[in-house]
Amino acid sequence: MKTTMLTIALATLASGVQAQEVAIRRNQVGCYPEQEKVVVVEGVKPSAKISLTTPKGKVLKPKVTRTAVSPWSGKERQVIDLAKLTDTGIYKLSVGGQQCELRVSDRPYHDIATASLRLFYLIRSGIPIEQGGDYNRPLGHPDTHVLIHPSAATPQRPAATVISSPFGWYDAGDYNKYVVNSSFSIGLMFAAYEQLTDYFATLNTDIPESNNQTPDFLDEMMFNLKWLLTMQDPGDGGVYHKLTTPNFEGFVMPKDCHQQRYVVAKSVTATLDFAAVMADAARLFQPYNDYARFPQLATAAAEKAYQWAKEHPNAFYHQERLTDPAVSTGTYGDGNAKDEFFWAASALYRLTHKSYYLEEARQYQPSRFSIPSWGGVASLGAFEWMTDPQMTELRDPMVKQMMDYCEEAIKGVESSSFQSPFGNKPDDFGWGCLSEKCCCQAFVLLYADKLQGTSKYRRYALQNADYLLGRNATGYCYVTGFGDKSPMHPHHRISAADNVEAPFPGMLVGGPNPGQQDKSSGNLTYPSNYPDESYLDVEESYASNEIAINWNASSVAFLCWLDALATTLQ
Ligand code: 9MR
Ligand code: 9MR
């Protein structure tokens, strides 16, 4: 046996192909019949024999289409385009002695899309989780006794004043609640909601509010909006940057967390993100009697927040200045608030039609499109102009900028390692890249198609889904609970402490990150330094294997959109 293996290895080396194990990389979740079907195989020659058995038992002999060379590792991989496989069911693929299944169905993304949204229910704070099945848990973090930190003190609310700030989602693997990231997450999902309103109207995520008259999607957003409202100082309208313990808690369940929680310094970025998302919410909740008082409250809160931001344009968050106690948790620091001003002014103009906000939006408009991220929200402002027929003043430049971005994004796919727009540039990889670079990019491509009435970019968006769900350098399907090989040890405190073996389903992990910022504190050994292989499925790896609401917001925006395509593709 050993000799045979050695002989094969030597023969492979002599042929110039690197000695790689044979591995088939493919979308492990499933594809639409109409979707392009590409698999990428490592460790075989271009002449490899390939056989594909269809659900009806027919045997096909596809061929290698091209050889792709990784820009980082130099690894050669064979790209096989299986062309359109229009029968639904399970196909069996065999290459180089390896077999795998390919699933083709009319609704391939329904379960993963639903799980991505339902994840927000599972990470609600301040209530017991009673509809979570195996993941039920008692109440933790009631947040009814939160202290004003000295950095947030005013004469009306001096340091150590007790306030109540319950509910909202936990941010990520940690238990704190951050206004910047919370507002961004809802804003991104709202942008998807506005394009897919009919789809979300009937999507059931089995939550306590499922029986009311409001779509579950909006009920879930409201759970976090209720908390956000408590983060505004009623005195001056400024918004606290975050609600946090001084230091990160251990890997224990919420009910076992006992550190005092504080609201800390108000910041201009948190205040503007809050203003923007409240303005959007005021509009979107208008039709629903379940929350009849909310639109008026949210409108007033948004306008007051915007004024505070105008009066404090340099109030950036400086964690290093915090004392009594010092604070070491996540920062969401950002020293440029132009994009936040743009999003907030655009959202407020759309809500109120006041010319003041139009002038503000003009002043802060971006000069190029950038995909949405927690620290770069100009695109959320741009979407306000693109979506509403009444919003004409800045629409043309915003559309043009986005279309330029899309044309740039799809360049190079035909020679890429995994036949996808994501994953070809070094800066495609980093902390949270699967969200910020992969899902968000695909979301923008789908958005552009919808806006233009085309289907040009859909193919490329679906390629990013293939990448995310397994056609990539590590072979992971990066959403927990889906695919044959998915993360089992995310950096997520509840999943680590709940005594259930499987992590919560539907969580998108941050993904490959050559920065490896957790290497020394976690005492970690990464399997590789190549950007696309720098990933570790271990609990300590917060730089590559954490989960977060903004990341799941992007998988909701993207995967729900893919699921919604089911009705248009038939
Ligand atoms: O658990 C924390 C995670 O949520 C953060 O993203 C990360 C970076 O701020 O920090 C994690 O906490 C670690 C800390 O930074 C260093 N010591 C180990 C902590 C837990 O793994
Ligand atoms: O998503 C954030 C990423 O862009 C930053 O590079 C990183 C380090 O500052 O922090 C990430 O956000 C973390 C936050 O600070 C605390 N909760 C966990 C978040 C995800 O790791």
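Computed from a predicted structure; not experimentally measured. Per chain, residue numbering runs from 1 following the sequence as it is written. As a convention, the first chain written is A and the first ligand written is 1, with the rest following in written order. Local features in this predicted model are restricted to residues whose pLDDT is 70 or higher, and side-chain atom pairs enter the listing and the counts only when it is 80 or higher, whereas totals over whole chains, interfaces and linings include all residues. The side-chain quantities take in all heavy atoms of the structure and omit both hydrogens and water.

Over its 15 residues, helix α8 (residues 338-352) extends 21 Å from the first C-alpha to the last, a length consistent with the 21 Å expected when each residue adds 1.5 Å. Of all 15 residues that make up α8, 14 are buried, and the element is covered over most of its length. One or two steps after α8, the chain reaches H353, where phi turns positive at roughly 60°. Per the convention used, a helix needs a DSSP run of H or I reaching at least four residues, while a strand needs a run of E reaching at least two, with both numbered from the N terminus. Each helix should span, by expectation, one fewer than its residue count multiplied by 1.5 Å. Think of it in three bands: residues with accessible area under 20% of the maximum for their type are buried, residues over 50% are exposed, and the middle band is partly exposed, with areas taken using a 1.4 Å probe on protein chains only.

Another aspect to go through is the sheet that holds strand β10 (residues 162-163). Reading across from one edge, β10-β9-β13-β12-β11 is the order of the five strands in this open sheet, with mixed pairing throughout. Where the open sheet ends on each side, the last strands, each with one partner, are β10 and β11 (177-178). When DSSP locates at least two bridges between a pair of strands, those strands are taken to pair. Of the strand pairs in this sheet, β11 and strand β12 (residues 242-244) are connected by two bridges, and their pairing is antiparallel. Within β12, the position partnered with K177 by the bridge is L243.

Salt bridge, as used here: a side-chain nitrogen of Lys or Arg that lies within 4 Å of a carboxyl oxygen of Asp or Glu. Evaluated as defined, the whole model comprises 32 salt bridges. Between D484 and R103 there is a salt bridge whose closest N-O contact spans 3.5 Å. Of this pair, D484 sits in the loop between α13 (458-468) and α14 (493-497) while R103 sits in strand β8 (residues 98-104), placing them 381 residues apart in sequence. Taking the relative accessible area as the measure of exposure, R103 reaches 27% and is therefore partly exposed. Residues D280 and R283 are paired through a salt bridge, measuring 3.3 Å at the closest nitrogen-oxygen approach. With D280 and R283 both in helix α6 (residues 268-284) and three residues apart, this pair spans about one turn of that helix. With respect to class, D280 is no different from R283; both count as buried. In this structure, a network of salt bridges that share partners links the residues E194, D280, R283, R350, E384 and D388.

Looking now at the environment of Q259. Mapping Q259 onto the fold places it in the loop between β12 and β13 (262-263). Here the alpha-carbon distance between Q259 and F248, two residues eleven residues apart in the chain, equals 9.3 Å. Contacts were defined at the residue level, with two residues in contact if any of their heavy atoms lie within 4.5 Å. Excluding residues that lie within four positions of it along the chain, Q259 makes contacts with T245, P246, N247, F248 and E249. Under the rule applied, a polar contact is a pair of N or O atoms within 3.5 Å (in protein, one hydrogen donor and one hydrogen acceptor; residues adjacent in sequence only if both atoms are side-chain atoms). In this structure the side chain of Q259 is engaged in a polar contact, spanning 3.0 Å, whose partner is the backbone oxygen of N247.

According to the domain assignment, the protein chain contains domain 1 (22-104) and domain 2 (118-334). Here the C-alpha centroids of domain 1 and domain 2 sit 44 Å apart. An automatic or database domain assignment supplies the residue ranges for each domain.

Next up on the list: the packing of helix α10 (residues 378-387) against helix α11 (residues 395-409). For the pair α10 and α11, interaxial distance at closest approach is 9 Å and the crossing angle is 120°. One way to sum up the angle between α10 and α11 is to call them oblique. Like other packed secondary-structure pairs, α10 and α11 cross with a definite hand, here left-handed. Residues A382, F383, W385 and M386 of α10 pack against R395, M398, V399 and M402 of α11. When residue character is reported, Ala, Val, Leu, Ile, Met, Phe, Trp, Tyr, Cys and Pro are called nonpolar, Asp, Glu, Lys and Arg charged, and the others, Gly included, polar. Of the residues assigned to the contact of α10 with α11, the class counts are seven nonpolar, no polar and one charged. Only the contacting stretch of a helix is used when fitting its axis, a line to C-alpha atoms as for every element, and angles between N-to-C directions run 0 to 180 degrees. Here is the rule for angles: anything less than 35 degrees is roughly parallel, anything more than 145 is roughly antiparallel, 65 through 115 is roughly perpendicular, and the remaining ranges are oblique. Working rule for handedness: look at the near helix, and if it is turned counterclockwise from the far one by less than a right angle, call the crossing left-handed; if clockwise, right-handed.

Close to ligand 1 lie D174, F248, W431, H491, R493, Y542 and E546. One of the side-chain nitrogen or oxygen atoms of R493 is found 2.8 Å away from an oxygen atom of ligand 1. For the area figures, the Shrake-Rupley method with a 1.4 Å probe applies, and any residue is considered shielded solely by the protein chains shown. Expressed as a share of its isolated accessible area of 450 Å², the protein-covered part of ligand 1 is 65%. Partitioning the shell around ligand 1 into residue classes produces three nonpolar, one polar and three charged. One heavy atom within 4 Å of a molecule or strand makes the whole residue count as near it.

Two rings belonging to Phe, Tyr or Trp (six-membered ring only in the last case) form a pair when the distance between their centres is within 6.5 Å. Interplanar angles under 30 degrees mark stacking, angles over 60 mark edge-to-face geometry, and anything in between is tilted. Using the criterion set out here, one finds 34 aromatic pairs in the structure. With a centroid separation of 5.8 Å and 85° between ring planes, the pair formed by F383 and F443 is classed as edge-to-face. You can see F383 sitting in helix α10 and its partner F443 sitting in helix α12 (residues 433-452), a full 60 residues away along the chain. As a reminder, the over-ring test applies to NZ of lysine and CZ of arginine, requiring each to be within 6 Å of the ring centre and within 35 degrees of the ring normal. Stacked on the ring of F167, the Lys or Arg K226 has its end atom at 4.7 Å from the ring centre. Just above the ring of Y476 sits the side chain of K485; from NZ or CZ to the centre is 4.5 Å.

So, on to the sheet that holds strand β2 (residues 38-42). The four strands lie next to each other as β1-β2-β6-β5, forming an open sheet whose pairing is antiparallel. Strands with a single pairing partner mark the edges of an open sheet, and in this sheet they are β1 (23-25) and β5 (66-69). Taking each pair of neighbouring strands and ignoring which way they run, the sheet shows an average axis angle of 30°. Bridge count for β2 against strand β6 (residues 76-81) is five bridges, and the pairing is antiparallel. Across the sheet, V41 pairs through a bridge with Q78, a residue of β6.

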